[in-house]
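# Coordinate analysis (summary)
This is what each chain is made of:
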Amino acid sequence: MAAESSSATCRESKKTKQASPIPLLTEDSPPLPDLPPEIIAAVLSRLPVKSLLRLRCVCKSWRSLVSNPKFAKTHLSLASVNTDYSNHRLILSSSYPRTDVKSCSLYSILNDKSDSAVELDCPLKRPNLGVKIWGGCDGLVCIGNKREVCIWNPSTGKYKGLPDFEMAYICYSWFGFGYDEGIDDYKVVGFFFDDRTGGFEPEVKVYTLRSDSWRRIQGSTHLVPRGASATFVNRALHWIHWTGYGAPSHIIVSLDLVKETYGEVSTPEYRRGYFHHFSMGVLNGCLCMLCDYYDDCFDVWVMKEYGIRDSWTKLVAIPYVSHPLNHPHDSSELCILENGEVLEDIGSPYSAPLCLLEDGEVLLDVATRLVRYNPKDGTFSYPMIHNCSPSFTAYPYTESLVSPDFDADSGVQWQHQY
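The present account deals with the structure reproduced in this document. (Residues numbered from 1 in each chain as written. Predicted model: local features only at pLDDT ≥ 70, side-chain atom pairs only at ≥ 80, totals over all residues. Heavy atoms only, no water.)

## Let's talk about the overall build of the chain
Going by this rule: Secondary structure elements follow DSSP: runs of H or I no shorter than four residues count as helices, runs of E no shorter than two count as strands, and numbering proceeds from the N terminus. Think of it in three bands: with a 1.4 Å probe and only protein chains considered, a residue is buried below 20% of the maximum accessible area for its type, exposed above 50%, and partly exposed in between. We call two residues in contact when some of their heavy atoms are within 4.5 Å.
Tallying secondary structure elements over the chain gives seven helices and 29 strands in all. Taken over 418 residues, the chain has a buried fraction of 45%. Residue pairs at least 24 apart in sequence account for 49% of intrachain contacts in the chain once pairs closer than 6 positions are excluded.

## What to know about the sheet that holds strand β7 (residues 149–152)
In plain terms, the rule: Pairing between strands is defined by DSSP: at least two bridges between the two strands are required. Fitted lines through C-alpha atoms give the axes, limited to the stretch in contact for helices. The angle between two N-to-C directions lies from 0 to 180 degrees.
If you trace the four strands from one edge of the open sheet to the other, you get β5-β6-β7-β8, paired in antiparallel fashion. Looking at the sheet topology across the chains shown, the edges are occupied by β5 (132–137) and β8 (159–161). Neighbour-to-neighbour, the strand axes of this sheet turn through a mean angle of 20°, independent of strand direction. Sheet topology note: the β7/β8 ladder contains three bridges and is antiparallel.

## Considerations on the pairing of strand β25 (residues 362–366)
A regular strand places its side chains so that they alternate between the two faces of the sheet. The buried fraction of β25 amounts to five of the five residues, a majority that puts the element mostly inside the structure. Across the two faces of β25 the burial is the same, with Val362, Leu364 and Val366 and Leu363 and Asp365 all buried. Taken together, the two bridges between strand β24 (residues 355–356) and β25 define a ladder with antiparallel strand orientation. Paired with Cys355 across the two strands is Leu363, which belongs to β25. If you look at the hairpin formed by β24 and β25, you'll find five residues sitting between the two strands, and Gly360 has a positive phi there, around 95°. Alignment of β25 against strand β26 (residues 369–374), held across five bridges, turns out to be antiparallel. Each bridged residue has a counterpart across the sheet, and for Asp365 the counterpart in β26 is Leu370.

## A word on the side chain of Ser403
Applied cut-off: Polar contact criterion, stated in full: a pair of N or O atoms within 3.5 Å, where within protein one must be able to donate a hydrogen and the other to accept it, and residues adjacent in sequence count only if both atoms are side-chain atoms.
Tracing the sequence through the fold places Ser403 in the loop between β29 (393–398) and α7 (406–409). A relative accessible area of 13% means that Ser403 is categorised as buried. Among the polar contacts listed, one links the side chain of Ser403 to the backbone nitrogen of Asp405, at a separation of 3.1 Å.

## Quick notes on the nonpolar core
Side chains that are nonpolar tend, in soluble globular proteins, to be buried together. Rule in force here: Residues grouped as a nonpolar core are buried Ala, Val, Leu, Ile, Met, Phe, Trp, Tyr and Cys residues, joined through side-chain atoms within 4.5 Å.
Residues Ile151, Phe175, Phe177, Tyr186, Val188, Val189 and Trp214 are the most contacted members of the largest nonpolar core, which totals 35 residues. Looking at this core, the element that brings in the most residues is strand β10 (residues 185–193), giving six residues. In this structure, Val188 is in contact with Cys142, Ile151, Leu162, Phe175, Gly176, Phe177, Lys205, Val206, Tyr207 and Trp214, ignoring residues within four places of it in sequence. Cys288, Ala352, Leu356 and Leu364 belong to the second largest nonpolar core, which has 18 residues in total.

## Observations regarding the environment of Val265
Position of Val265 among the secondary structure elements: in strand β16 (residues 261–265). For Val265, a relative accessible area of 5% gives the class buried. Between the alpha carbons of Val265 and His238 there is a distance of 8.5 Å; along the sequence they are 27 residues apart. If we skip the residues at most four places from it in the chain, Val265 touches His238, Ile251, Ile252, Ser254, Leu287, Met303 and Tyr306.

## As for helix α2 (residues 37–44)
Applied cut-off: Think of the arc as the fan of directions from the helix axis to the C-beta atoms.
Of the positions making up α2, those classed as buried are Ile40, Ala41 and Leu44. Mapping the buried residues of α2 onto a view down its axis gives an arc of 100°, with all of them on the same face. Check the buried side of α2 and you find it contacts α3 (49–55), α4 (60–66) and α5 (69–80).

## Focus: the sheet that holds strand β19 (residues 297–303)
If you walk across this open sheet you meet the four strands as β17-β18-β19-β20, and the pairing is antiparallel. Edge strands, defined here as strands with exactly one partner in the open sheet, are β17 (277–283) and β20 (312–319). Neighbouring strand axes in the sheet, compared pairwise and without regard to direction, differ in orientation by 20° on average. Bridging between β19 and β20 involves seven bridges; their strand directions are antiparallel. Bridge pairing links Phe298 to Ile318 in β20.

## Quick word on α5
Three or four residues apart is the spacing at which side chains of an α-helix point the same way, because the helix has 3.6 residues per turn. Short version of the rule: The span you would expect from a helix comes to 1.5 Å times its residue count less one.
With 12 residues, α5 should reach 16 Å at 1.5 Å per residue; the first-to-last C-alpha distance of 16 Å fits that figure. Listing the buried residues of α5 in full gives Phe71, Ala72, His75, Leu76 and Ala79. With its buried residues spanning 135° around the axis, α5 presents them on a single face. Where the residues of α5 are buried, they touch α2, α3, α4, β1 (88–94) and β29.

## Details of the packing of aromatic side chains
Put simply, the test is: Each Phe, Tyr or Trp ring, with Trp reduced to its six-membered ring, pairs with another whose centre is within 6.5 Å; inter-plane angles below 30 degrees give stacked pairs, above 60 give edge-to-face pairs, and intermediate values give tilted ones.
Under the definition given, this model contains 14 aromatic pairs. Where Phe165 meets Trp214, the ring centres are 5.5 Å apart and the plane angle is 80°; that geometry is what we call edge-to-face. With Phe165 in the loop between β8 and β9 (172–180) and Trp214 in strand β12 (residues 213–217), this pair connects stretches of sequence that are 49 residues apart. A relative accessible area of 15% places Phe165 in the buried class. Owing to a relative accessible area of 10%, Trp214 belongs among the buried residues under this scheme. Considering the side-chain rings of Tyr207 and Trp214, the 5.6 Å spacing of their centres and the 50° angle between planes classify their relative orientation as tilted.

What follows is the structure, given as structure tokens:
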């Protein structure tokens, strides 16, 4: 018995000894070598925004680095080329049954097939006032409600409220948002319509972030669709303008933010004289369109060389079955996917693709639900978003440190190049 007890004690002693943590550093340990600042910057620039915000409290030099606008640009350039979408999220905006502005991870949606939405501290969230997303770039998003407009970074929570429009009377207004590389500044284009004048042309003004002021510019010879969000790509804002039945039935109106001049971009060579529904977006830095013909499918097109009509390339045709049904509230058409699921057609129910995967799969927002289509086998899947309103609009953005408040960050400098 004594031998067994001694053996058991020995085994327990070994277990205890193995379980004991081995200290990595002691008071007598030599100090760790100092890493060169450029190495620190290179490592930190590859971390998520959430981690960087926490690391600001490590020391003053790290706080200065993370807060530096140059570092923010470096971090953004690395995040933008990340093909696994680990630095990308979706804003989920809804106004029914209540106003909600949440976000979820695009990486989790694509890889885990689900994610739980988290509440965003939206600066314009007001009771009984929906939040409209007018556009975004570089991790900044232009949002508005019926009373206010602001530029917001949902990753850091920083925002900049826009000043008064300096208009005596506004019946209706809508906006576009983008980046002017010529002056390294962000711009909001506002269209202000006064129906009392009896005219059809809205007054157009441009707000620049650095000046924090509005100024008037020339209006477009083409009517920019009232209330439509703009798509920013290749330094220009874009809207689809309906010209009437015939060929072409639509044109793309552009506004170059550097020159502040209007132009036209040709649409794809579609199969018929006109298409019924359309959406426009950006895929891998290229202008893209989703065209719905109301026959057997809707097509996703990408303009691979900006401004060159022949460069429009059809990426995928996504099948559906259109079937007219009467809705209890209106007479809009419903769309029935091949699996039998009914999707209500609310204006244009299909978003432009939210992202395109390397294997050719496409993720879209279809009638307030995410739909993933695999063109190789023609199958649909439906990623789940928990803790979210049943009715939402999804908008993709890249997590970034870019600040909408130049005044607050203008004095921050980092002493080393990286």
